[in-house]
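The lines below spell out each chain.
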Amino acid sequence: MIQVLSRVWPLLLGIVFIMLGNGMHFTLIGLRGGIEGFSALELAIVTSGYFMGFLSGARISPLMIRRVGHVRVFAALGSFMSAALITFPLLTDPWAWTVLRVLIGFCMSGVYVTAESWLNNAATNETRGTVLSAYMIAQTLGIIGAQGILTLGDAGTSVLFIGASILVSISFAPILLSATSVPAAEVARPMSLRDLFKGSPLGTVGIFLLGIVYATQSGMAAILGTQIGLTATQISLFVAMLFAGALVLQYPIGWLSDRMDRRKLICGAAFIGVVSCLLGWVTGGALWSLMVAAFFAGGVTTPLYALLLAYTNDYLDAEDMPAASGGLVFTFGLGAIAGPLVTGWGMETFGPFTFWLVLCATFTAIALYALYALYHMSKRSVVPVDETESYLSVLPTASPVAVEAAGTWAAEHARDEAESQEDR
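Read on for an overview of the structure. Counting starts from 1 at the beginning of each chain's written sequence and moves along it residue by residue. Local features are withheld for residues below a pLDDT of 70 in this predicted model, meaning they are given only at 70 or higher, and side-chain atom pairs are given and counted only at 80 or more; totals for whole chains, interfaces and linings count all residues. Side-chain measures here rest on the full set of heavy atoms in the structure, leaving out hydrogens and waters.

**Brief notes about the overall build of the protein chain**
- We count a stretch as a helix when DSSP gives it H or I for four or more residues in a row; a strand needs E for two or more, and each element gets its number in order from the N terminus. Each helix and strand in the protein chain was counted, giving 14 helices and zero strands.
- Counting from the amino terminus, the protein chain carries its helices and strands in the arrangement α-α-α-α-α-α-α-α-α-α-α-α-α-α.
- When accessible area is computed with a 1.4 Å probe and restricted to protein chains, residues below 20% of their type maximum are described as buried, those above 50% as exposed, and intermediate ones as partly exposed. Split into buried and exposed, the 424 residues of the protein chain put 58% on the buried side.
- Whether two residues touch is decided by their heavy atoms; if any such pair falls within 4.5 Å, the residues are in contact. Taking the contacts inside the protein chain whose residues are at least 6 apart along the sequence as the reference set, 88% of them involve residues at least 24 apart.
- With the model as given, the accessible surface of the protein chain reaches about 16,600 Å², and the carbon-plus-sulfur share is 65%. For the accessible areas, the method is Shrake-Rupley and the probe is 1.4 Å, while residue cover comes only from the protein chains on display.

**Quick look at the packing of aromatic side chains**
- Two aromatic rings, drawn from Phe, Tyr or Trp (for Trp, its six-membered ring), form a pair once their centres lie within 6.5 Å of each other, and the interplanar angle then sorts them: stacked below 30 degrees, edge-to-face above 60, tilted otherwise. Tallied over the full model, the rule gives 17 aromatic pairs.
- Ring geometry for Phe26 and Tyr50: centres 4.7 Å apart, planes at 75 degrees, overall edge-to-face. Here Phe26, found in helix H1 (residues 2-36), pairs with Tyr50, found in helix H2 (residues 40-68); they are 24 residues apart in sequence, far enough to count as distant.
- Considering the side-chain rings of Phe38 and Trp97, the 5.1 Å spacing of their centres and the 80 degrees angle between planes classify their relative orientation as edge-to-face. One end of the pair, Phe38, is in the loop between H1 and H2; the other, Trp97, is in helix H4 (residues 94-122), and 59 residues separate them in sequence. The same class applies to Phe38 and to Trp97, which are both buried.
- A network of ring pairs unites the aromatic residues Phe26, Tyr50, Phe51, Phe54 and Tyr112 as a single cluster.
- Two conditions define a charge sitting above a ring: the NZ of Lys or the CZ of Arg must be within 6 Å of the ring centre, and it must be within 35 degrees of the ring normal. Over the ring of Phe26 we find Arg101; its NZ or CZ atom is 4.4 Å from the centre of that ring.

**Considering H2**
- Here H2 is 29 residues long and its end C-alpha atoms lie 40 Å apart, about the 42 Å a rise of 1.5 Å per residue gives.
- Here the bend at each residue means the angle between axes fitted to two seven-residue stretches, the one ending at that residue and the one beginning there. At Ala58, H2 shows its largest kink, close to 40 degrees, and the proline Pro62 lies no more than four residues downstream.
- One or two residues past the end of H2 sits Gly69, with phi positive at roughly 100 degrees. Here the expected span of a helix is defined as 1.5 Å times the quantity of residues minus one.

**Looking at the nonpolar core**
- Ranked by size, the top nonpolar core spans 130 residues in total, and within it Phe238, Ile266, Tyr305, Phe355, Trp356 and Phe363 carry the most contacts.
- When sequence neighbours within four positions are dropped, the list of residues in contact with Tyr305 reads Ile207, Leu210, Val329, Phe332, Val394, Leu395, Pro396 and Val403. Put simply, a nonpolar core is a bunch of buried Ala, Val, Leu, Ile, Met, Phe, Trp, Tyr and Cys residues held in one set by side-chain atoms that sit within 4.5 Å of each other.

**Focus: the packing of helix H8 (residues 201-227) against helix H13 (residues 354-375)**
- Throughout, an axis means a line fitted to C-alpha atoms (over the contacting stretch in the case of helices), and angles, computed between N-to-C directions, take values from 0 to 180 degrees. At their nearest, the axes of H8 and H13 sit 10 Å apart, and the two run at 165 degrees to each other. Taken together, the axes of H8 and H13 lie roughly antiparallel to each other. The crossing of H8 and H13 is left-handed.
- Here the term charged refers only to Asp, Glu, Lys and Arg, the term nonpolar to Ala, Val, Leu, Ile, Met, Phe, Trp, Tyr, Cys and Pro, and the term polar to all other amino acids, Gly among them. A class-by-class count of the residues in the contact of H8 with H13 yields 19 nonpolar, four polar and no charged. Should an angle lie under 35 degrees it is considered roughly parallel, over 145 roughly antiparallel, and from 65 to 115 roughly perpendicular; all remaining angles are considered oblique. The crossing is said to be left-handed when, going from far helix to near helix, the turn is anticlockwise and less than a right angle, and right-handed when the turn is clockwise.

Read these as layout, nothing more, since geometry by itself doesn't imply function.
Written out as structure tokens, the structure reads:
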């Protein structure tokens, strides 16, 4: 493993710096927006802008890479992102912020496509699982670390926005000085939603609903904290707990994923999310209850994404996985755009704790649909546990490049395991 990571550590280091900057700005939007007096709905629109840009970037970035190459695209998008981060405190208007968020979302999507293409090229079939896992851990640690950096400054000044911009700028060095040129990113045309739903109804619906959950958690949590009177340090800890839970629960859920019916596990994980959100709502803002609720609600979100991807791949032929990866990322993006808008309207109309009710309702919908798939789709043949694709952690922020690479690795790993068992 050390030998594998020694080849890609500059890329992983660069990703950590990028996520430090991006993670800071996600929370800063809620903190500074509250100081500027923006409403929950206005901040929800700002939040959705990021995912609008991210969704369009996932489609356009590969075309840009094919035209001018990875290095130029990465440098250009990173520069635009760094500039946009500095601009936030200069243009304290919700519509200007929305435009800036669309730009940052577009740039981040392109950065992901580029970095993931380099990582995928640097890995072999034997090491791809390790490389992708390290990549996902680097992203998560970056987001968690960003919350700690936020406690060092004042969101009412420009300092933290400048710091986020500096971190993004620094990230260019290890990546651009070490990455070798690779073939242009080849992202397959996404599968139509109709074909995707026909292949895996639970995967398609679940991914859409999870987009609502993830965008609400990552984009609206700081807004909730601001509206209920948490300090900046408490808000940073609250957001950090959402991602710390994912880091801790990823392995046990992944271990179970390869040993039981994934529909049952999806239902169980969603139920944990329901209970956690009810805890956050019922306790009315008690600090440590909020932290526990965030830990488990955020903790099941990322594993659920990987579970739904793995479940979908179980019912696809290998040649359909690239197109399905693009379709699933697109479906997730639609949910991510809708989630903050619904939550922001609810928080504006019914109060800040609607945040938990929206999450609770969405987790409930995932659990109920998984139950429906488990008990009312008996006509469909079930893939035996020993024939399912292997589980690999994939963050919801991953581009189609990483999702496709993870699916390919899972299929190859599962096939290798099956062959080794036959040889015994």
